[in-house]
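Residue-level structural notes
Given next are the chains, with one letter for each unit.
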Amino acid sequence: MINTSLSAANAYNLAQKLTNQTLSDQSLQKAADAKPDFGAMVKDGVQGVLDKGDVAEKSATSMINGKADVVDVVTAVAETEVALETMVSIRDRVISSYESIMQMPI
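Treat the numbers as computed from the prediction; the structure is a model and nothing was measured.

Rules and cut-offs
- Residues numbered from 1 in each chain as written.
- Predicted model: local features only at pLDDT ≥ 70, side-chain atom pairs only at ≥ 80, totals over all residues.
- Heavy atoms only, no water.
- Helix = DSSP H or I, 4+ residues; strand = E, 2+ residues; numbered from the N terminus.
- Buried < 20%, exposed > 50% of the residue type's maximum accessible area, 1.4 Å probe, protein only.
- Areas by Shrake-Rupley, 256 points an atom, 1.4 Å probe, with all protein chains shown as cover.
- Contact = heavy atoms within 4.5 Å.
- Patch = residues over 30% accessible without salt bridge, like charges linked within 9 Å, V, L, I, M, F, W, Y side chains within 5 Å.
- Salt bridge = Lys/Arg side-chain N within 4 Å of Asp/Glu carboxyl O.
- Expected span 1.5 Å × (residues − 1).

Moving on, we get to the overall build of the chain. Of the regular secondary structure elements, the chain holds three helices and zero strands. Of the regular secondary structure in the chain, the N- to C-terminal order runs α-α-α. Going through the 106 residues of the chain one by one, you find that 7% of them count as buried. Accessible surface, the chain as shown: approximately 9100 Å² in total, 62% of it carbon and sulfur.

Structure, rendered in structure tokens:
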């Protein structure tokens, strides 16, 4: 019984190492193939905020129709507010960085 348990544990560890190695090889390849695209990153961020806004709006509509709980609506609105504040903060930082770059001597 102990020998079988030890063999099973060793097999599990070997399988986990192989899986981790395969996953890390795949992620390295994806990272090498992927090129950073600032425009796509901004687009994804804005789309995420819009999606959260849509969820909050649907939750509010469902609550008005009596199909949703107040807690769900408040949670959705709070998540949307946090996402929007984060986006505005990032925008302010980008503008500040741009202004600093523009003030640098050439």
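There's plenty left to go through after this.
Further remarks concern the side chain of Ser59. Positionally, Ser59 belongs in helix α2 (residues 38-64). Classification of Ser59 as buried rests on a relative accessible area of 15%. Setting aside chain neighbours within four positions, we find Ser59 in contact with Ala68, Val73 and Ala76.

Glancing now at a nonpolar patch on the surface. The grouping of Phe38, Met41, Val42, Val46, Leu50, Ile90 and Val94 at the surface amounts to a nonpolar patch, some 620 Å² of accessible area in total. Among the elements that make up the nonpolar patch, the one with the highest residue count is α2 (five residues). Along the polypeptide, Ile90 turns up in helix α3 (residues 70-102).

Our focus in this paragraph is the pattern of salt bridges. The final tally for this structure, using the stated rule, is one salt bridge. Of the charged contacts, one joins Arg91 and Asp92 as a salt bridge, the two residues approaching to 2.7 Å between their closest N and O atoms. For Asp92, a relative accessible area of 38% gives the class partly exposed.

This brings us to α2. Compared with the 39 Å implied by 1.5 Å per residue over 27 residues, the 39 Å span of α2 between its first and last C-alpha is a close match. Where α2 is concerned, the buried positions are Val49, Ala56 and Ser59. Residues of α2 that are buried sit in contact with α3. Downstream of α2 by a residue or two, Gly66 has a phi angle that is positive, lying close to 85°.

For Leu50, the position within the fold is in helix α2. With a relative accessible area of 47%, Leu50 lands in the partly exposed category. With 33 residues separating them along the chain, Leu50 and Ala83 place their C-alpha atoms 9.3 Å apart.

Taking 1.5 Å per residue as the helical rise, α3 with its 33 residues ought to reach 48 Å, and the 48 Å between its terminal C-alpha atoms agrees with that figure. Those residues of α3 that fall on the buried side of the exposure criterion are Val73, Ala76, Thr80 and Ala83. Considering only its buried residues, α3 is in contact with α2.

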